[in-house]
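# Residue-level structural notes
These are the residues of each chain, in order.
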Amino acid sequence: MRAVVLQEFGEPAVLRVHDGVPDPVVPDGWVLVRLHACALNWHDVLLRQGVYDVPLPRVPGSDGAGVRADTGEQVLVLPSLFWGGAERAPGPGFQILGDRTDGTHAELVALPAENVRPLPAGWSFVEAAALPLAGLTAYRALFARAGLVAGETVLVLGAGGGVATMAIALARMAGARVLVTTSTEAKLERAIGLGADGGVLYTSAHWGAAVREMAGGVGVDVVVDSVGSTWPEALTALADGGRLVTFGATGSADAHVDVRRLYFAQQTILGTTMGSPRDADGLLALVAQAPDWRPAIDAVAPLDEIAAMHERMARREHVGKLVLTVP
């Protein structure tokens, strides 16, 4: 098969498509999917840079959609492998597809049968490939962890990324008001076009206080944070009794928190990552209630342009997902 093979960590140029890569082995209980589209996530950038301790060589990629080889069914790939039996957190065997198990940036991928789901009705392979990792991460953050309900206000930080654009859409589907932070007025307008009610530029000083005022002076009920270094301002924007749910550290793995303010305000900080099979079913059920909705997609390119798409993601100029087609 043809596949992207990461043989060394480094800049985007280390990503190359190779011919003659051995087809995946399909153990008992697993299925083979012939991919038609796959997508990029910030996770792929960190993997390529060597932030994660993964064995090489590796076929990267977590998102994908294609045809199940044994049944001919059109499916999307769920990249959350070996979650385990508990809903509160993944078990010790948990993996993200593309880390220790070869992933979706290829013509073929093998994965457990429990990790495929039928393509949503009326969706293309490109649209479906944009959904899994970002959609599952946003769904679990908002609902399984933060417990967002209709009528609440949620703040989504960094509104250009894939998870952020998913969070805007899913929160609106659930009847929440959505505010955002982003880096430019153009991105803010795009976020409003995707369903946000308003927002602020995180390049401005004291944006947390500005968001708090936008939320009636009392703050927002939920903050979705993938940055980490933003916790001080995020907690300023958060209402008393509110929930900060975090799943990334794109800004920094360290943050300074005023502990006294946190406990006097009875705020909660929640960690999350990916999602369980039950979360995946909840995500697909919610999406089915909005049949005209599709994920925000910034650009589509053939798999051979994998390095250029990594460069585009690293510049953080995109709004929505970056998707690759597999001939």
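Residues numbered from 1 in each chain as written. Predicted model: local features only at pLDDT ≥ 70, side-chain atom pairs only at ≥ 80, totals over all residues. Heavy atoms only, no water.

When you go through the protein residue by residue, the secondary structure sums to 10 helices and 17 strands. Relative to a compact globule of 327 residues, whose C-alpha radius of gyration would be 20 Å, the protein shows 19 Å and is just as compact. Overall, the protein is about 60 × 40 × 35 Å in size when its C-alpha atoms are taken along their principal axes. Residues classed as buried in the protein amount to 55% of the 327 residues present. (Helix = DSSP H or I, 4+ residues; strand = E, 2+ residues; numbered from the N terminus. Rg over C-alpha atoms; globule rule 2.2 N^0.38 Å. Buried < 20%, exposed > 50% of the residue type's maximum accessible area, 1.4 Å probe, protein only.)

Further remarks concern the sheet that holds strand β11 (residues 177–182). As summarised here, the arrangement of the six strands in space is β12-β11-β10-β13-β14-β15, forming an open sheet in which the pairing is parallel. Edge positions in the sheet fall to β12 (198–201) and β15 (268–271), since each of these pairs with one other strand and no more. Neighbouring strand axes in the sheet, compared pairwise and without regard to direction, differ in orientation by 20° on average. In this structure, strand β14 (residues 238–246) lies alongside β15, joined through four bridges in parallel fashion. Bridge pairing in β15 links leucine 244 to isoleucine 269. (Pairing = 2+ DSSP bridges. Axes fitted to C-alpha atoms, helices over the stretch in contact; angles between N-to-C directions.)

Bringing the packing of helix α1 (residues 42–49) against helix α10 (residues 306–315) into the picture now. Interaxial distance between α1 and α10 falls to 10 Å at its minimum, and their mutual angle equals 110°. Looking at the two axes, α1 sits roughly perpendicular to α10. Of the residues in α10, those touching α1 at Trp42, Asp44, Val45 and Arg48 are His310, Met313 and Ala314. Considering only residue class, the contact of α1 with α10 consists of four nonpolar, one polar and two charged. (Parallel < 35°, antiparallel > 145°, perpendicular 65-115°, else oblique. Contact = heavy atoms within 4.5 Å. Nonpolar A, V, L, I, M, F, W, Y, C, P; charged D, E, K, R; others polar.)

Okay, the environment of aspartate 240 next. The topology assignment puts aspartate 240 in strand β14. In the structure, aspartate 240 is positioned 48 residues away from isoleucine 192 in sequence and 26 Å away in space, judged by C-alpha atoms.

Here four bridges tie β11 to β12, and the two strands are oriented parallel to one another. The residue of β12 that forms the bridge with threonine 181 is valine 200. Handedness of the crossover joining β11 and β12 through helix α5 (residues 185–193) is recorded here as right-handed. (Right-handed = clockwise from strand over helix to strand, strands pointing away.)

A cluster of nonpolar residues, Val259, Tyr263 and Phe264, forms a patch on the protein surface that exposes about 370 Å² of accessible area. Assignment of secondary structure puts phenylalanine 264 in helix α8 (residues 259–264). (Patch = residues over 30% accessible without salt bridge, like charges linked within 9 Å, V, L, I, M, F, W, Y side chains within 5 Å. Areas by Shrake-Rupley, 256 points an atom, 1.4 Å probe, with all protein chains shown as cover. Salt bridge = Lys/Arg side-chain N within 4 Å of Asp/Glu carboxyl O.)

According to UniProt, the positions carrying the feature "domain: Enoyl reductase (ER)" (unreviewed entry) are residues 10–324. Taken end to end, residues 10–324 is 29% helix and 25% strand, and its two terminal C-alpha atoms sit 21 Å from one another. (UniProt positions renumbered as here; feature names shortened; annotations may be inferred.)

The next subject is the domain arrangement of the protein. Per the domain assignment, the segments of the protein are domain 1 (3–133 + 294–325) and domain 2 (145–271). Using C-alpha coordinates to define each centre, domain 1 is positioned 28 Å away from domain 2. At the interface, 14 residues of domain 1 touch nine residues of domain 2. In total, domain 1 and domain 2 occlude about 890 Å² of area from one another, counting both sides; carbon and sulfur atoms represent 60% of this. If you sort the residues of domain 1 by the area they bury against domain 2, Ala296, Arg316 and Val319 come out on top, with a joint share of 48%. (Domains from an automatic or database assignment. Buried area = accessible area lost by both parts, 1.4 Å probe.)

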